[in-house]
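Structural characterization, general
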Number of protein chains: 8
Amino acid sequence: MAKKSPEPQSADLGFAHVDLHRVKRVGFPEVIFGEGKSKEQIAAIAERIILAKQPLLITRVEPEVYAYLRSRIEGLQHNEKARCIYLEKTEKHSSKQGNKKSSSSKTKKQGLVLVLTGGTTDIPVAEEAALTARMMGCQVKTLYDVGVAGLHRLISHSEELRKAAVIIVVAGMEGALPSVVGGLVACPIIAVPTSVGYGSAFGGLAPLLAMLNSCAPGVTVVNINNGFGAGYAAGRIM
Amino acid sequence: MAKKSPEPQSADLGFAHVDLHRVKRVGFPEVIFGEGKSKEQIAAIAERIILAKQPLLITRVEPEVYAYLRSRIEGLQHNEKARCIYLEKTEKHSSKQGNKKSSSSKTKKQGLVLVLTGGTTDIPVAEEAALTARMMGCQVKTLYDVGVAGLHRLISHSEELRKAAVIIVVAGMEGALPSVVGGLVACPIIAVPTSVGYGSAFGGLAPLLAMLNSCAPGVTVVNINNGFGAGYAAGRIM
Amino acid sequence: MAKKSPEPQSADLGFAHVDLHRVKRVGFPEVIFGEGKSKEQIAAIAERIILAKQPLLITRVEPEVYAYLRSRIEGLQHNEKARCIYLEKTEKHSSKQGNKKSSSSKTKKQGLVLVLTGGTTDIPVAEEAALTARMMGCQVKTLYDVGVAGLHRLISHSEELRKAAVIIVVAGMEGALPSVVGGLVACPIIAVPTSVGYGSAFGGLAPLLAMLNSCAPGVTVVNINNGFGAGYAAGRIM
Amino acid sequence: MAKKSPEPQSADLGFAHVDLHRVKRVGFPEVIFGEGKSKEQIAAIAERIILAKQPLLITRVEPEVYAYLRSRIEGLQHNEKARCIYLEKTEKHSSKQGNKKSSSSKTKKQGLVLVLTGGTTDIPVAEEAALTARMMGCQVKTLYDVGVAGLHRLISHSEELRKAAVIIVVAGMEGALPSVVGGLVACPIIAVPTSVGYGSAFGGLAPLLAMLNSCAPGVTVVNINNGFGAGYAAGRIM
Amino acid sequence: MAKKSPEPQSADLGFAHVDLHRVKRVGFPEVIFGEGKSKEQIAAIAERIILAKQPLLITRVEPEVYAYLRSRIEGLQHNEKARCIYLEKTEKHSSKQGNKKSSSSKTKKQGLVLVLTGGTTDIPVAEEAALTARMMGCQVKTLYDVGVAGLHRLISHSEELRKAAVIIVVAGMEGALPSVVGGLVACPIIAVPTSVGYGSAFGGLAPLLAMLNSCAPGVTVVNINNGFGAGYAAGRIM
Amino acid sequence: MAKKSPEPQSADLGFAHVDLHRVKRVGFPEVIFGEGKSKEQIAAIAERIILAKQPLLITRVEPEVYAYLRSRIEGLQHNEKARCIYLEKTEKHSSKQGNKKSSSSKTKKQGLVLVLTGGTTDIPVAEEAALTARMMGCQVKTLYDVGVAGLHRLISHSEELRKAAVIIVVAGMEGALPSVVGGLVACPIIAVPTSVGYGSAFGGLAPLLAMLNSCAPGVTVVNINNGFGAGYAAGRIM
Amino acid sequence: MAKKSPEPQSADLGFAHVDLHRVKRVGFPEVIFGEGKSKEQIAAIAERIILAKQPLLITRVEPEVYAYLRSRIEGLQHNEKARCIYLEKTEKHSSKQGNKKSSSSKTKKQGLVLVLTGGTTDIPVAEEAALTARMMGCQVKTLYDVGVAGLHRLISHSEELRKAAVIIVVAGMEGALPSVVGGLVACPIIAVPTSVGYGSAFGGLAPLLAMLNSCAPGVTVVNINNGFGAGYAAGRIM
Amino acid sequence: MAKKSPEPQSADLGFAHVDLHRVKRVGFPEVIFGEGKSKEQIAAIAERIILAKQPLLITRVEPEVYAYLRSRIEGLQHNEKARCIYLEKTEKHSSKQGNKKSSSSKTKKQGLVLVLTGGTTDIPVAEEAALTARMMGCQVKTLYDVGVAGLHRLISHSEELRKAAVIIVVAGMEGALPSVVGGLVACPIIAVPTSVGYGSAFGGLAPLLAMLNSCAPGVTVVNINNGFGAGYAAGRIM
């Protein structure tokens, strides 16, 4: 894994040490978690990643951030439902530094990542997961609003469930969907609890606990609303 | 609600005010919650209920209590799995006071109470529910270990599910079973979380929260391990 | 309730799988939980339900949603206190699809559903419960602000309490009302904790725990502020 | 409460600084909380308090501790239900130091402290409260098992409730009794939650929260099972 | 407190059952908790209380409510820091119903209620307590910002502490002040935790738990920020 | 899903519905969770699985259960550290039913599952994970006590970390190890929090939350002490 | 630090008892916690501290407060990132009272306080810590965004870590950084959890618990986001 | 502290990687946390540490472990109150490996570590802290049972408090003592919450939260009952 390029392992921007070496260690560059960062900070980190010719993914950003960034960086894409900004193939675009070559993965990984949601309100989290998995080179298919209160909606897609290589199940409220799916298929299942619900859902605690206690073995869980983490884990598996 | 009988509304034993009037107000006499009471206290309250010719139900008792009670009171029955002691038809038995007539309900209520469990370990709670519902005059059927990780076990009993007048669903771990059942039938569903599980099940908190947040509408919930309460509520509904 | 029409079991709108089959399985069509859905999503799902000639109920919606919907769908009714939009008899109205026949229940169920609140601030939740029970064909009566700090207010309505077939008790703060009511009547009691209170009420946790631990047996509980669930459960019981 | 004696403010036993001055500051000597202390430590502290001619109260002790102490100290009294050891009038007894004069209050305070419990299992906590209040010179009356599921049991004692100067209400499970009592009387009410209950009672958390959120104003609360604290507060009020 | 008047026990306004009988049972009329009620609801309840010639106290109201109410009701007073509206002597004022005689207590109770705060930010809660106690006829004195990090500030007022008949201690953060005060005086102490603090103060949970676990016996506790309850309890004691 | 074999989908033992079909759906037979089941129940279920010629795995069993089982079933293996009983190749063994052919996987899956622990006390959970993964056909290597307080212990094994196909990280206390490992490798990481720790570790809550909030993306989490689930998930991935 | 002036121990402003004696007892004057105080209150307290010729530090203030204060007090400095206002050398400035001499420490303490953050979003808390430590006379260096997911960023600064006299580690999410640092150096480490994160980070609870359970001994912890407390503790150590 | 010996950085015992390098990095060798380890595991790790001529400290061990260890290792010391086994000067003793030279610190650090407790029951935790600090070369003094309910006990030791270089404050229940001490002295204060208390103390949560929210700045906190951590941190400061 040795490399000749004099690329530094990290770039110190004062407010951030951009981990440029991460792509070599873990297979994907540092991803910018937008929440709580100013748009100027996001822009500076994004430009440094583009300069290093690495794919760019920014999560949890409001539309204003996109408006600001595209005035500084060319070619950005925006998935508003997923609240993500990204730039898959950096060589085609140029920030003010003028990148040349992308380190983005060219070849699609084999097998399908299937993203399910229990309800309509879970979709933004599912979109974040789907986009992330796609950024990591996975083929992704989504299937929304197939919660357990109407099992036939899920069971009518049994074929697709069995064909998937990894299934990401996004659900709020009582978080029962991963257990049901886990009893139907043999592939790895990544459960994402969401903050959809009210009262004793306690911001996603109810589905989080349910998923951690799933009676279907082999279900693993990520943080509440962490679509990114689920998509990333799916990418690691693929 | 005026009554000629000189039966007192309650009997003061010092450590207990036995609510003899309850059977008239709410349709079933006071039930003795055994946990935390001495066997002498239980015996004294039980004898007072028998004296009033009311059916007797004692929940949450260890076998020692039964051994002690049957030496003082004739004709007691013991359901060890349910941890209950009971005496359905008090006229046939005699405590030292020699009762004559039972106030126990003679006619079975119509319709079936179906008691389901997610797993084998939930059975004691289910047995408490089933016994309680039977004591209240309900016909009861049980169906155990039909959790969501193997849906076919549940779905193969669809007919029975649809015929039930009330379904009590007892489940620990992620507590997903009531949601699945709630999406299959039109009758009332009473969900009982159990303390079966470990770690982040937090003594039954996980299934309790899951059941309270069920996406299947019309599911109501009782306390963790409260089989008695579920059976009693089923009796009230019937 | 059998139907000849080749009505599909569910309709896939991309962001939602409308469960058109639910009315046959559980006796009432899918209800739209408005919170977190865009008004366009709500409208599309609502139109699909109307097209299937099923009664429509949308809960947790702000007045803006109603303003938008009535510009697209004729004949909608709005209960602002309950934050619900509904359309009971779909045959009289026409969406752009022009429905013909309602599947709404014609015959009122027998017996009365009584909805109580502990205080004035609990009323919106109680209204949601009352409206839902009415939508399911129940006769409903409400009795507000009869909390336990002034017992005479409750006891002066003893007659009505005893006549009810189901009682829904809505209360925040310490949630004591269901226990008191549970000791007075023989019918099923559904307790609804509300987020009314402050400090250690913890958003409704205090009355939720109180209701789950009620010393009056046979009280069952739904989620915090879940008036809809309580009304729905009452409808199932009736 | 004499002030001339050169009695030190505190006595340092190494493992304890006995606060001998407390009786002068707060009106009652230091009370020994037995839980977690060895019987030798308890004995040494007790002897130091007796030496200072102050009344002795030891709470939360097992019978073994009493067996040990009475072999070292004469005249001790034991209330096993309350799990307390005490010595009200120290002048009549002699430890090895041979005390002469008691600082125990001679004259009974006016007005009655009434101690209620919701159930039978709450009695030990109530006994601790009653004993403590008596030690502080109060007249105390107890009334047990008058919980809200059978209101008539409470209401039949309305006269006694109204005559009380302070009411201590001890209750587990949903902890509703203080709210009901608080709506019936004008005197101060001290609520004591107990750990009686199971599942979502969470060791007394449910009644604690209920009591803190009581809709009956003027109810104040002490720690779970803290009968001592309630009795002491009643003594301060009287 | 006259008893001949044919005054009804409660007045049913639809959204509220005003408990007009409360003043006779518990010594003070119903108090309006303003949070969550509309200004029209508050006005209607207030007018009914005034009509019954009872003192009026409305807590937790924003300035807008006061602006609205004084346009309907004459003579209202507003304590903005305490967020309360009140009308002590109702005979001097006239709502549209024109009251004649106040039931407000004329004679001041003996003894002093002392209200302390740990910090400056706790003052609004303390003001609510002080106003409530005054409304109940108590003499009240306040002493603010005397927290335990600078003990000399408290100890320099030892004389006042010892003279008080009841002390209300209002504190956020770690809530240590009641324990220190409780070790200095013999009178009853009512502790009020506040939501002052951040992070692991968890909205007042930290001081609430601290106060419930106070090592100074006889401290009783009310809900977080419940100045009203503390003032009311002080009034009951006096 | 039609199958010619007359093998039933599940076997109803009264207290258990053994899911014999699971191996076909999810690739591995039902695993017996021993906790809370009687040894007779475990034996009966085990015999039914063996009769179906499926591999047997029983988790969370005390040595007594093993002593009992081996008197009824031949050839059982016991991993005491992992608290598991198993029987990998059922054809070589005979229960009283005399099995003939094993459905256990013959061919080892490619790639290595690496199981790490933060400390010595985490080993039993790690052993459960390792055994489960081996039962599912994985090659497994363990590396214990390489927690973050001595990073060099971990870093000296960098080569092995990078070669692993899946890494299971088992850690209690602050649960930091998965984040550090997640930053070093590109393979999927399954984090298992343990109940090792005390005080504010709250039975494993601290490492559970830490792992769910890992700043190293792609870490997924299972329940506290759930070595089985982690091993199973690793098997699904492989 | 002895002073001859008859400076009072505290100054009573009605809403605040300014603890002027604190500088003598604990080595630094009272610091104004701005949150929840009005700008007028802050100004009055600040002026009283300046009058006493003590250094001034105000934390948790919004820019509006600064705008207001500088119109009343000369020479104030504002660190917007840290949300602090301060005045280090009071003799050079004059409030309306015209101070003469500063009590601010002239001589820098020896040794370096190093402030680390796990991420960019933790910087405001770190700045508060750094400013506080500087106000107390410490030399401070900061190193930001060196979280554990990219260990090389931290390890490349090993030299600086080893030279520090005290290290303050500020981190949100899983809070793993203090454990890693604690295993690398011998100096005292003060860990500051932040509310950076979402979902099961529960407002900083996750890193707080992680830090309290650190396997690296000798790590001590302050409240969530309490940069001030960490800086102050570092100052006490130095 | 550099050493020429080719001592390995860690020793792999299979179940443990003994971190022999730690003494060089952090100034003190690895300490054995006894809880959850078998006595054989403890012995093996202990012998490896002794072989490396490093001081030995084993915490949280029952007397049985000591009985076992002293049969294998010569010269061990046992502090039963602190539940610790230790061996300060390893050169004088010989395990089977026969050590020659101790790496234990010879010269006492300057300044005093003062260990306070709120009550008698907190002493075991305090003893663990004191022993640890002594092992690290500190001079230690203890002062027990000086809780805030009797302030004079603390204030009478003001001189000692002011002379201390570091103060460790160990307290359960409401955990108020560190705040009071923090307002009296200028040195660093390390607060140790204990699980002393009951009910809403929630196993030490109450004092933990209180200490984290201390209004006395500069107080840092360790885990519940973590006397070792406090002593270690004190050693790092000294």
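Nothing here was measured: the structure is a model prediction, and the numbers come from that model.

1. Description of the overall build of chain A
For chain A, the count of helices and strands is nine helices and eleven strands. Of all 238 residues assigned to chain A, the portion counted as buried reaches 66%. If you take every contact in chain A between residues at least 6 apart in sequence, the share linking residues at least 24 apart comes to 63%. Within the structure as shown, chain A displays about 7900 Å² of accessible surface, and the carbon and sulfur contribution to it stands at 52%.

2. Brief notes about the relation of the copies chain A and chain G
For the pair chain A and chain G, the relating rotation is 90 degrees, the translation along its axis is 0.0 Å, and the fit reaches an RMSD of 0.0 Å. Put plainly, the chains are arranged around a four-fold axis. The C-alpha atom lying nearest the rotation axis in chain A is that of Phe202 of chain A; the distance is 7.2 Å.

3. Describing the pairing of strand S9 (residues 166-171) of chain D
When a strand is regular, its side chains alternate between the sheet's two faces. Residue and element names in this part refer to chain D. With six of six residues buried, S9 lies mostly within the body of the structure. Covered by surrounding structure in S9 are Val166, Ile168 and Val170 together with Ile167, Val169 and Ala171, the residues of both alternating faces. Relative to S9, strand S7 (residues 112-117) is paired through five bridges, and the arrangement is parallel. Following the sheet pairing, Val113 is matched in S9 by Val166. Across five bridges, S9 lies against strand S10 (residues 189-193) in parallel orientation. Among the inter-strand pairings, Ile167 is bridged to a residue of S10, identified as Ile189.

4. Quick word on the packing of helix H2 (residues 39-51) of chain C against helix H3 (residues 63-72) of chain C
Residue and element names in this part refer to chain C. Where H2 contacts H3, the two axes come as close as 10 Å, and the packing angle between them is 45 degrees. By the angle between their axes, H2 is oblique relative to H3. Crossing handedness for the pair H2 and H3: right-handed. Side by side, H2 and H3 meet where Lys39, Glu40, Ile42, Ala43, Ala44 and Glu47 of the first sit next to Val65, Tyr68, Leu69 and Arg72 of the second.

5. Structural notes on the pattern of salt bridges
Going through the model one piece at a time under the given rule, you end up with 88 salt bridges over all chains. Glu160 of chain C is the salt-bridge partner of Lys141 of chain C, the closest N and O atoms lying 2.6 Å from each other. Of the two residues, Lys141 of chain C is situated in strand S8 (residues 139-143) and Glu160 of chain C in helix H6 (residues 158-163); the sequence distance between them amounts to 19 residues. A relative accessible area of 35% places Lys141 of chain C in the partly exposed class. Judged by its relative accessible area of 24%, Glu160 of chain C is partly exposed. A network of salt bridges, in which partner residues are shared, links Asp19, Arg22 and Arg25 of chain A.

6. Let's talk about the relation of the copies chain A and chain F
Copies of the same chain, two in number, are related to each other by a rotation about an axis and a translation along it. For the match of chain A to chain F, the screw axis carries a shift of 0.0 Å, the RMSD comes to 0.0 Å, and the turn is 180 degrees. On this basis, the relationship between the two copies can be described by a two-fold rotation axis. By C-alpha distance to the rotation axis, the residue of chain A lying nearest is Val221 of chain A, at 2.5 Å. Here 97% of the interface residues in chain A have copies in chain F that are interface residues too; the copies meet face to matching face.

7. Some thoughts on the interface of chain A and chain F
The interface is formed by 30 residues belonging to chain A together with 30 residues belonging to chain F. Together chain A and chain F conceal approximately 2500 Å² of surface at their shared face, both sides included; 57% is due to carbon and sulfur atoms. Summed over the three residues of chain A that lose the most area to chain F, namely Leu212, Pro217 and Arg236 of chain A, the buried surface amounts to 27% of that side. Inspection of the chain A/chain F interface yields zero salt bridges. For the pair chain A and chain F, the interface holds twelve residue pairs in polar contact (both at pLDDT 80 or more). The biggest single contributor to the side of chain A that touches chain F is helix H9 (residues 227-237) of chain A, with six residues. Tallied by class, residues from the side of chain A that touches chain F come to 18 nonpolar, eight polar and four charged.

8. Digging into the sheet that holds strand S5 (residues 77-79) of chain D
All names here are of chain D. A sheet is described by the order of its strands in space; here four strands give the open sequence S3-S4-S6-S5, paired in mixed fashion. Pairing within the sheet leaves two strands with one partner each, and these edge strands are strand S3 (32-33) and S5. By the bridge criterion, three bridges tie S5 to strand S6 (residues 84-87) in an arrangement that is antiparallel. What sits directly across from Asn79, in S6, is Cys84. Contacts from helix H4 (residues 123-135) reach strand S4 (56-59), S5 and S6, with the element oriented near 165 degrees to S4.

9. What about the interface of chain A and chain G?
In this complex, chain A contributes 24 residues to the contact, which on the side of chain G involves 17 residues. At the junction of chain A with chain G, the criterion picks out one salt bridge. Counting every contact that joins chain A to chain G gives eleven residue pairs in polar contact (both at pLDDT 80 or more). Contributing elements (two or more residues each) for the side of chain A that touches chain G: strand S2 (17-18), helix H1 (22-26) and helix H8 (205-212) of chain A.

10. A closer look at unusual backbone geometry
Even without a glycine there, the phi angle at Phe202 of chain C is positive, about 45 degrees. By secondary structure assignment, the location of Phe202 of chain C is in the loop between strand S10 (189-193) and helix H8 (205-212). Unlike most non-glycine residues, Asp145 of chain G shows phi in positive territory, near 65 degrees. Position of Asp145 of chain G relative to the elements: it lies in the loop between strand S8 (139-143) and helix H5 (151-155).

11. Re the environment of Ile85 of chain E
All names here are of chain E. Along the chain, Ile85 turns up in strand S6 (residues 84-87). Overall, Ile85 belongs to the buried group, its relative accessible area being 0%. What Ile85 contacts, discounting residues up to four positions off in sequence, is Leu56, Leu57, Ile58, Val61, Val65, Tyr66, Leu69, Leu76, Gln77 and His78.

About the thresholds
Residues numbered from 1 in each chain as written. Chains lettered and ligands numbered in written order. Predicted model: local features only at pLDDT ≥ 70, side-chain atom pairs only at ≥ 80, totals over all residues. Heavy atoms only, no water. Helix = DSSP H or I, 4+ residues; strand = E, 2+ residues; numbered from the N terminus. Buried < 20%, exposed > 50% of the residue type's maximum accessible area, 1.4 Å probe, protein only. Contact = heavy atoms within 4.5 Å. Areas by Shrake-Rupley, 256 points an atom, 1.4 Å probe, with all protein chains shown as cover. Least-squares fit on C-alpha atoms with pLDDT ≥ 70 in both. Pairing = 2+ DSSP bridges. Axes fitted to C-alpha atoms, helices over the stretch in contact; angles between N-to-C directions. Parallel < 35°, antiparallel > 145°, perpendicular 65-115°, else oblique. Left-handed = near helix turned anticlockwise from the far one by under 90°. Salt bridge = Lys/Arg side-chain N within 4 Å of Asp/Glu carboxyl O. Buried area = accessible area lost by both parts, 1.4 Å probe. Polar contact = N/O pair within 3.5 Å; in protein donor to acceptor, adjacent residues only side chain to side chain. Nonpolar A, V, L, I, M, F, W, Y, C, P; charged D, E, K, R; others polar.

Any functional reading would require information that these geometric values do not contain.
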